[in-house]
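Observations on the model geometry
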Amino acid sequence: MNNIPLHVAFIMDGNGRWAAARGKARRAGHEAGAEAVRALIKNAEAAGIKFITLYAFSNENWQRPEGEIKDLMRLLSKSLDEFDKTSRENNARFLVSGRRDRLPPDVLKKIDKITAATAGNKGLTVILALNYGARQEITDAVNALMSAGKKNVTEDDISAALYNPAAPDPDLIIRTSGEERLSNFLLWQAAYSEFYFTPVLWPDFDKAELEKALAVYAARKRKFGNI
């Protein structure tokens, strides 16, 4: 397929509804969602995508029940272990966007280990948006610039002060489950992104669904304000 996006970002929505439709606990939906992520990493790399960003846990998600948060953190810890192993095989690089506060110490330790171990890898870059909020990111960037003594801030200054300034802006943002909003995700970076919304719940977002989204993207003409 021609016109493959360099960077695709995913709002992975629908784990809970997927579980409820099958009479299962929400935990089962999150586990199925994690399986979908593992498949996505392989499928995105095979498609020629160079960067993916996964909206894994927002700063608003701390409002969820304590038990669900613990389940999510345990699943995250397990997923990090698996990525640590597979990254050696597929040459993938791992980054995280978001604040470190409130994340469990064992999760932070694994994040630091994998980030350092994969820093030189040249394959797919996987960015996990974790304890992330776009307004929070922009606020943190502006505060960092003010602390550095900046008085006249430019767009380039803000872009350079974001959590992962080296990552290109997403060409395509995909949201599953039928919802059609950004939910405080990559607000600065999404200025010229294309959007693709699908009713498919995240655990069911497979290779065929990714190919559908890429086909829609390939048919669009991006003008960036030009004619």
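Now for a look at the structure at hand. (Residues numbered from 1 in each chain as written. Predicted model: local features only at pLDDT ≥ 70, side-chain atom pairs only at ≥ 80, totals over all residues. Heavy atoms only, no water.)

1. Description of the nonpolar core
Condition: In these notes, a set of buried Ala, Val, Leu, Ile, Met, Phe, Trp, Tyr and Cys residues joined through side-chain atoms within 4.5 Å is what counts as a nonpolar core. Note on classification: 1.4 Å probe, protein chains only; a residue is buried when its accessible area is under 20% of the maximum for its type, exposed when over 50%, partly exposed between these limits. Each helix corresponds to a stretch of at least 4 residues labelled H or I by DSSP, and each strand to a stretch of at least 2 residues labelled E; elements are numbered beginning at the N terminus. The contact criterion used throughout is that any non-hydrogen atoms of two residues lie within 4.5 Å.
Phe10, Ile52, Leu54 and Ile174 are the most contacted members of the largest nonpolar core, which totals 40 residues. Broken down by element, this core gets its largest block of residues, six residues, from helix α3 (residues 66-90). Among all residues touching Phe10, those that are not within four sequence positions of it are Leu40, Ile52, Thr53, Leu54, Tyr55, Ile174, Phe185, Trp202, Phe205 and Leu210. With ten residues, the next largest nonpolar core counts Ala9, Tyr55, Tyr132 and Phe185 among its residues.

2. Observations regarding unusual backbone geometry
Leave glycine aside and you will find that most residues have negative phi; peptide bonds, for their part, are mostly trans. Even without being a glycine, Asn91 presents a positive backbone phi close to 60°. With respect to the helices, strands and loops of the structure, Asn91 is situated in the loop between α3 and β3 (93-97). If you check the backbone angles, Arg102 has positive phi at about 80° while not being a glycine. Inspection of the secondary structure assignment puts Arg102 in the loop between β3 and α4 (105-117). Taking relative accessible area as the criterion, Arg102 reaches 55% and is therefore assigned exposed.

3. Here's the deal with the pattern of salt bridges
Two side chains with opposite charge may pair up if their charged atoms get near one another. Spelled out, the test is: We define a salt bridge as a contact between a side-chain nitrogen of Lys or Arg and a carboxyl oxygen of Asp or Glu at a distance within 4 Å.
Counted by the stated rule, this structure contains 22 salt bridges. Of the charged contacts in the structure, one is a salt bridge between Arg175 and Asp13, with a shortest N-O distance of 2.9 Å. Taken together, the residues Arg175 in strand β5 (residues 172-175) and Asp13 in the loop between β1 (7-11) and α1 (15-21) connect sequence positions 162 residues apart. Comparing Arg175 with Asp13, the two get one shared label, buried. Across the salt bridge formed by Arg99 and Asp140, the nearest N and O atoms sit 2.7 Å from each other. Here Arg99, found in the loop between β3 and α4, pairs with Asp140, found in helix α5 (residues 134-147); they are 41 residues apart in sequence, far enough to count as distant. Residue class for Arg99 comes out partly exposed when judged on its relative accessible area of 35%. Classification of Asp140 by relative accessible area gives partly exposed; the value is 21%. Taken together, the salt bridges that share partners define one network made up of Asp13, Arg17, Arg175, Glu179 and Arg181.

4. Structural notes on the sheet that holds strand β2 (residues 51-58)
Rules: Here the rule is simple: two strands pair whenever DSSP picks up at least two bridges between them. Fitted lines through C-alpha atoms give the axes, limited to the stretch in contact for helices. The angle between two N-to-C directions lies from 0 to 180 degrees.
Read from one edge of the open sheet, six strands run β3-β4-β2-β1-β5-β6, paired in parallel fashion. The sheet terminates laterally at β3 and β6 (194-197), the two strands that pair on one side only. Between one strand axis and the next, the sheet turns through 20° on average, direction left out of account. Sheet topology note: the β2/strand β4 (residues 125-132) ladder contains seven bridges and is parallel.

5. So, the packing of α3 against α4
We apply this condition: When describing relative orientation, an angle under 35 degrees is termed roughly parallel and one over 145 degrees roughly antiparallel, while 65 to 115 degrees is termed roughly perpendicular and anything else oblique. The sense of a crossing depends on the near helix, which, turned anticlockwise from the far helix by less than a right angle, makes the crossing left-handed and, turned clockwise, makes it right-handed. Under the scheme applied, nonpolar residues are Ala, Val, Leu, Ile, Met, Phe, Trp, Tyr, Cys and Pro; charged residues are Asp, Glu, Lys and Arg; polar residues are all the others, including Gly.
Their axes nearest at 10 Å, the elements α3 and α4 cross at an angle of 20°. Considering their axes alone, α3 and α4 lie roughly parallel with respect to each other. Between α3 and α4 lies a crossing whose hand is left-handed. Facing α3, whose interface residues are Met73, Leu76, Ser77, Leu80, Asp81, Phe83 and Asp84, α4 presents Asp106, Val107, Lys110, Ile111, Lys113 and Ile114. Split into classes, the residues belonging to the contact of α3 with α4 amount to seven nonpolar, one polar and five charged.

6. Comments concerning the packing of aromatic side chains
Spelled out, the test is: Each aromatic pair joins two rings of Phe, Tyr and Trp (for Trp, the six-membered one) with centres within 6.5 Å, and gets the label stacked for planes under 30 degrees apart, edge-to-face for over 60, and tilted for any other angle.
Within this structure, the stated rule accounts for eleven aromatic pairs. Measuring from centroid to centroid gives 6.1 Å for Tyr132 and Tyr163, while their planes differ by 75°, and the two rings are edge-to-face. Remark: Tyr163 occurs in the loop between α6 (155-160) and β5 and Tyr132 occurs in strand β4; sequence separation between them is 31 residues. Given a relative accessible area of 22%, Tyr163 falls into the partly exposed group. Taken together through their ring pairs, the aromatic side chains of Tyr55, Tyr132, Tyr163 and Phe185 make up a single cluster.

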